[in-house]
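Here is how the chains run, residue by residue.
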Amino acid sequence: MTETMEITKVPARRGRMIALDAGDLVDIVNVHGGQVVDTWAFARDNPAEYMSMEHSHVLHYRLNFRPGDALCTDNWRTIMTFVEDTSPGIHDTLCPACCEPSYNIFYGHEGYHDNCSDNLKGQFEELGVPFHRVPTPWNLFMETIVENSNDLKDMPSTTRPGQYVRLRAEIDCYFAVSACPQDLIVINGDDGVPRDVELHVRRAGSRS
Ligand SMILES: [Zn+2]
């Protein structure tokens, strides 16, 4: 059997959304290392229903997810499974996606700044899918940690080139990512420079 792999390049500071069928595998590949990737999934039969960090917290009763864990929607349907992780394994589940006001308010940036919220909205427009909201993303490779059981602390991502997270779609879904354009604080690697990532998809049909 020859397994085919579809590669979607996600340029630095940009977003991409692809349709996955139940059973498809997607690797989020940190090609150059250190890049934070905001990650979302939406049910294809109801794009208002989204992979929910809050519901998934309660499902597992912890803040960080591990390989083998299911990720569920705001309607408690399992939408993806966390299959494999070759990275250091810290993936923030608490921070909302960056947006234009967040760069103004928290970092004093004047004028427009690329942001993950607009990247997601733009992908809905490009695919012609009804847009409802920007849910809290699963911030893959983002090493915001909880200290003293209460305090949040941003650390630079220590993900190395080529490390990846593998997910499996459990229902037909739209899968979206944004290569976070944050360049005003150092979360994207040691130098804070946003970089490209890739999605590697193996279709369930091609593996049967
Ligand atoms: Zn961002």
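Attention in this report is confined to the structure presented alongside it. The structure presented is a predicted model; accordingly, all values stated were derived computationally and were not measured. (Residues numbered from 1 in each chain as written. Predicted model: local features only at pLDDT ≥ 70, side-chain atom pairs only at ≥ 80, totals over all residues. Heavy atoms only, no water.)

Some points on the nonpolar core
The condition that has to hold: Residue types Ala, Val, Leu, Ile, Met, Phe, Trp, Tyr and Cys, when buried and joined through side-chain atoms within 4.5 Å, form a set referred to as a nonpolar core. A simple rule labels every residue: compare its accessible area, found with a 1.4 Å probe on the protein chains alone, to the largest value its type can have, and call it buried under 20%, exposed over 50%, or partly exposed in between. Each helix is a run of H or I in the DSSP string that is no shorter than four residues. Each strand is a run of E no shorter than two, and both are numbered from the N terminus. Residues count as neighbours in contact if any of their non-hydrogen atoms are within 4.5 Å of one another.
Counting residues in hydrophobic clusters, the biggest one holds 29 residues, and the most contacted among them are Leu20, Ile28, Met80, Trp138, Leu167 and Phe175. Among the elements of the structure, strand 2 (15-20), strand 3 (25-30), strand 4 (37-43), strand 7 (78-85), strand 8 (138-140), strand 11 (163-169), strand 12 (173-179) and strand 13 (197-202) are those that each provide at least two residues to this core. The greatest single-element share of this core, amounting to four residues, is contributed by strand 12. Sequence-distant contacts of Leu167, defined by excluding residues within four places in its chain, comprise Asp24, Leu25, Val26, Ile28, Met80, Thr81, Phe82, Val83, Trp138 and Phe175.

So, the packing of aromatic side chains
Convention followed: Here is the rule: rings of Phe, Tyr and Trp (six-membered ring for Trp) pair when centre to centre is within 6.5 Å. Planes less than 30 degrees apart are stacked, more than 60 are edge-to-face, and the remainder are tilted.
Going through the model one piece at a time under the given rule, you end up with six aromatic pairs. Consider the rings of Phe106 and Tyr107, whose centres lie 6.2 Å apart with planes at 50 degrees: the pair is tilted.

Some details on unusual backbone geometry
The general pattern is negative phi for most residues beyond glycine and trans for most peptide bonds. At Tyr61, a residue that is not glycine, the phi angle is positive and equals roughly 55 degrees. Tracing the chain through its elements places Tyr61 in the loop between helix 1 (53-60) and strand 6 (70-72). Tyr61 gets classed as exposed once you look at its relative accessible area, which sits at 72%. In this structure, Ser149 takes a positive phi of about 65 degrees despite not being glycine.

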